[in-house]
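If you want the building blocks of each chain, they are given just below.
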Amino acid sequence: MLVVMSHDATPEEIEGVVRTIRELGYEAAPIPGKQRTAVGLVGNDGKVNADRLESLAGVREIIHVSQPYKQVSREWRAEPTIIRLSNGTEIGGGQVAVMAGPCSVESEAQILGVAEQLRAAGATVLRGGAFKPRSSPYSFQGLGVQGLRLLARAREETGMAIVTEAVDPEGVDAVAEYADIIQIGARNMQNYSLLRRAGRARKPVLLKRGMAATVKELLLSAEYILAEGNPEVILCERGVRGFDTHTRNLLDLTAIPVVQALSHLPIIADPSHGTGLRAKVIPMARAAVAAGADGLMIEVHPDPERALSDGAQSLFPDQFSELMEQIAVITHAIGKEMAPALTRTPALVP
Ligand code: PEP
Ligand code: MN
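This report concerns the structure included in the present document. (Residues numbered from 1 in each chain as written. Chains lettered and ligands numbered in written order. Predicted model: local features only at pLDDT ≥ 70, side-chain atom pairs only at ≥ 80, totals over all residues. Heavy atoms only, no water.)

**Considerations on the overall build of the chain**
Now for step 1: When its secondary structure is counted, the chain shows 11 helices and 15 strands.
Now for step 2: Here the C-alpha atoms of the chain give a radius of gyration of 21 Å, agreeing with the 20 Å that 2.2 N^0.38 yields for 350 residues.
Now for step 3: Over its C-alpha atoms, taken along the principal directions, the chain stretches across nearly 65 × 45 × 40 Å.
Now for step 4: A separation threshold of at least 6 residues defines the contact pool for the chain, and within that pool the share at least 24 residues apart is 69%.
Now for step 5: A gap of 2 Å separates the mean positions of the 36 positive and 41 negative side-chain charges of the chain. (Helix = DSSP H or I, 4+ residues; strand = E, 2+ residues; numbered from the N terminus. Rg over C-alpha atoms; globule rule 2.2 N^0.38 Å. Contact = heavy atoms within 4.5 Å. Lys, Arg positive; Asp, Glu negative; His and termini not counted. Charge placed at Lys NZ, Arg CZ, Asp CG, Glu CD.)

Spelled out as structure tokens, the structure:
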């Protein structure tokens, strides 16, 4: 439930609403807005009797949020959530942000080399798994903390922000220490203890759609993170299981406008895992931007044939540069802007 205050409500009147909500046994979350403040009531599972709140001074109206995901819904917050990274990239609200990099961090030379190529092509966020959730326990599991350190070095050298995955609640702190964005993978979308732990972290979270999850389940998983106090969630469509074996997954581009109608959270697309095939990544990346995605996540490897994971869906760096040029044209055509490219950090200019 949302208690909307009149535009001239005083701080004391807002405080009165907060106090009453607490007296009723719920939590109160004031949400300052451009036009007016609202106070959200959280902690209820079902309709709350609003009689006491309706009559308080300064209250304009009570909105009962009809969706089961509350803080994530557009009813709760009409304005889009914009996530601002320290390198200037904004995710949500009119920019297209591109996150790119190898599936896994494999070595210093690999990650530093490819990061520089990606930065030069215009990507502003570097991806790379240090902890890998692999279908087989015998597959490469990632370099762990050493991988996180290499990502941090790549950030120092290029100015790119870092997104990397946390695979369990215990790993969230280490990832949050090194990364700018904590990724929660498709296999963990409904790992509620991990979601709760990420909700207590002070870093944005990239939440990938589970491979058999509905949009409603994706939004409910995001709600776990917001409910713990972290409002900075980026959703990611990465394909769902289909019946056709021509692609690894079925990239559900419809999810982009569907989510945008239901939620204020940004949504990006990952055509690499969404298709599983290098040749299909570029067309689907273009389509995702045209569909209104707030960004892309693309796997790029300097030598995909030798990649330790997901080589078959990784672009060569040259293909990625070409894709960036095409995306810029599409972005412009739909009235959006690319997240500004990073210039070399002054310390590195010879
Ligand atoms: C990844 O980003 O490398 C990854 C494992 O993705 P997903 O969780 O979407 O499978
Ligand atoms: Mn991968």
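**Points about unusual backbone geometry**
Now for step 1: A positive phi angle, near 55 degrees, is found at Asp310, a position not held by glycine.
Now for step 2: You can see Asp310 is positioned in the loop between strand S14 (295-299) and helix H11 (317-333).

**Notes on the site of ligand 1**
Now for step 1: Around ligand 1 lies a shell formed by Cys103, Arg127, Lys132, Glu165, Gln183, Gly185, Ala186, Arg187, Lys208, Arg238, His273 and Glu299.
Now for step 2: Here His273 contributes a side-chain N or O atom positioned 3.2 Å from an oxygen atom of ligand 1.
Now for step 3: Between Glu299 and ligand 1, the recorded distance is 3.4 Å, taken from a side-chain N or O atom to an oxygen atom.
Now for step 4: Starting from 300 Å² of accessible surface for ligand 1 in isolation, the protein chains cover 97%. (Near = heavy atom within 4 Å. Polar contact = N/O pair within 3.5 Å; in protein donor to acceptor, adjacent residues only side chain to side chain. Areas by Shrake-Rupley, 256 points an atom, 1.4 Å probe, with all protein chains shown as cover.)

**Overview of the nonpolar core**
Now for step 1: Among the nonpolar cores identified, the biggest contains 70 residues, and Leu118, Leu126, Leu207, Leu235, Ile298 and Phe320 are the most heavily contacted of them.
Now for step 2: Counting 16 residues, the second largest nonpolar core, distinct from the first, contains Met5, Val17, Val18 and Ala28. (Core = buried A, V, L, I, M, F, W, Y, C linked by side-chain atoms within 4.5 Å. Buried < 20%, exposed > 50% of the residue type's maximum accessible area, 1.4 Å probe, protein only.)

**Remarks on the sheet that holds strand S2 (residues 27-31)**
Two strands in a sheet stick together by hydrogen bonds in their backbones, pointing the same way (parallel) or opposite ways (antiparallel).
Now for step 1: Judged by pairing direction, the sheet is antiparallel, and its four strands sit side by side in the order S2-S3-S1-S4 without closing on themselves. Across the chains shown, the open sheet's two edge strands, defined by having one partner strand only, are S2 and strand S4 (59-63). Strand-to-strand twist across the sheet, computed as the mean angle between neighbouring axes with direction ignored, equals 20 degrees.
Now for step 2: Sheet contacts for helix H1 (residues 11-23): strand S1 (2-5), S2, strand S3 (38-42) and S4; angle to S3, the most-contacted strand, approximately 5 degrees. (Pairing = 2+ DSSP bridges. Axes fitted to C-alpha atoms, helices over the stretch in contact; angles between N-to-C directions.)

**Description of the coordination of the manganese ion (ligand 2)**
Now for step 1: Coordination sphere of the manganese ion (ligand 2), protein contribution only: Cys103 (SG), His273 (NE2), Glu299 (OE) and Asp310 (OD), at 2.1 to 2.3 Å.
Now for step 2: Site description for the manganese ion (ligand 2): donor spacing in sequence, C-x169-H-x25-E-x10-D. Here the residue Cys103 occupies a position in the loop between strand S7 (95-101) and helix H3 (108-121), and Glu299 occupies one in strand S14, the gap between them amounting to 196 residues.
Now for step 3: Looking at Cys103, the relative accessible area reads 3%, which means it is buried. (Donors = N, O, S within 2.8 Å, 3.2 Å for Na, K, Ca; no water.)

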